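Listed here are the chains, written in short residue letters.
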Protein chains: 2
Amino acid sequence: MKAVVSVTLKPGVLDPQGKAIAQALHNLGFSSVTDVRVGKRITVQTTETDPAAAHAQAEEMARKLLANTVIESFQVEIVP
Amino acid sequence: MKAVVSVTLKPGVLDPQGKAIAQALHNLGFSSVTDVRVGKRITVQTTETDPAAAHAQAEEMARKLLANTVIESFQVEIVP
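Just so it is clear, the structure is predicted and the values come from calculations on it, not from any experiment. (Residues numbered from 1 in each chain as written. Chains lettered and ligands numbered in written order. Predicted model: local features only at pLDDT ≥ 70, side-chain atom pairs only at ≥ 80, totals over all residues. Heavy atoms only, no water.)

Colleague: How should I be thinking about the overall build of chain A in this particular structure?
Modeller: Helix and strand content of chain A: two helices and three strands. For chain A, the succession of helices and strands along the chain, N to C, is β-α-β-α-β. Compactness check: chain A gives a C-alpha radius of gyration of 16 Å against a globular reference of 12 Å for 80 residues, more than 25% above the reference. In terms of overall dimensions, chain A has C-alpha extents of about 45 × 25 × 15 Å along its principal axes. Here chain A holds 80 residues, and the buried ones make up 38% of them. Here the contacts in chain A between residues at least 6 apart in sequence split such that 70% fall between residues at least 24 apart. For chain A, the accessible surface area stands at approximately 4300 Å², while carbon and sulfur atoms represent 54% of it. (Helix = DSSP H or I, 4+ residues; strand = E, 2+ residues; numbered from the N terminus. Rg over C-alpha atoms; globule rule 2.2 N^0.38 Å. Buried < 20%, exposed > 50% of the residue type's maximum accessible area, 1.4 Å probe, protein only. Contact = heavy atoms within 4.5 Å. Areas by Shrake-Rupley, 256 points an atom, 1.4 Å probe, with all protein chains shown as cover.)

Colleague: Help me out: how do you make sense of helix H1 (residues 16–27) of chain A in this one?
Modeller: The periodicity of an α-helix, 3.6 residues per turn, causes residues three or four positions apart to be oriented the same way. If you check H1(A), its first and last C-alpha atoms are 17 Å apart, about what twelve residues at 1.5 Å a residue would give, namely 16 Å. Within the span of H1(A), buried status applies to Gly18(A), Ile21(A), Ala22(A) and Leu25(A). The arc that holds the buried residues of H1(A), viewed along the axis, is 100 degrees, so those residues lie on one side. Residues of H1(A) that are exposed and angled more than 90 degrees away from the buried face: Pro16(A), Lys19(A) and Asn27(A). The inward-facing, buried residues of H1(A) abut strand S2 (33–46) of chain A together with helix H2 (51–66) of chain B. A positive phi of about 100 degrees marks Gly29(A), the residue just after H1(A). (Expected span 1.5 Å × (residues − 1). Arc of directions from axis to C-beta.)

Colleague: How should I be thinking about the pattern of salt bridges in this particular structure?
Modeller: Residue and element names in this part refer to chain B. If you walk through the whole model with that rule in mind, you get six salt bridges over all chains. Glu 60 is the partner of Lys 64 in a salt bridge, and the nearest nitrogen-oxygen pair spans 3.0 Å. Within this pair, Lys 64 and its partner Glu 60 are both found in helix H2, separated by four residues, close to a single helical turn. Accessibility expressed as a relative area gives 49% for Lys 64, which makes it partly exposed. The class for Glu 60 is partly exposed, based on a relative accessible area of 31%. (Salt bridge = Lys/Arg side-chain N within 4 Å of Asp/Glu carboxyl O.)

Geometry only, nothing functional implied.
Here it is as structure tokens:
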């Protein structure tokens, strides 16, 4: 079973990488861009076969290692 | 309109960051983990109001700047 953990910066946390990308997009002519935020997308492949158990396990992984919950929030999605 | 661009390494491209995370998860007791791949999740906020146009624009951004198409593939999702 595959779990996709999306880790994003919480609102209000400064994102200099996103700001740099927004500036670069403006320079490339994409003038409609107002804001860019950069997060991580971590795909975890496990031998777990129960979707509910895989989801719970991926949430625990995110809390313990994948996300810094002080400044980041995360979202878990299970892909069969 | 908000576009979410998911950038992931193509299959076969080595992912040392993913390998390190897999090892760390094993050390934390998540023994069911077989593989971890790390990608980027870039959220682009634009003033574009047409979903089709926003999608096309985000794909162009990904090709031109956000993804290195030699080693990475990307996927665009439009969120209203």
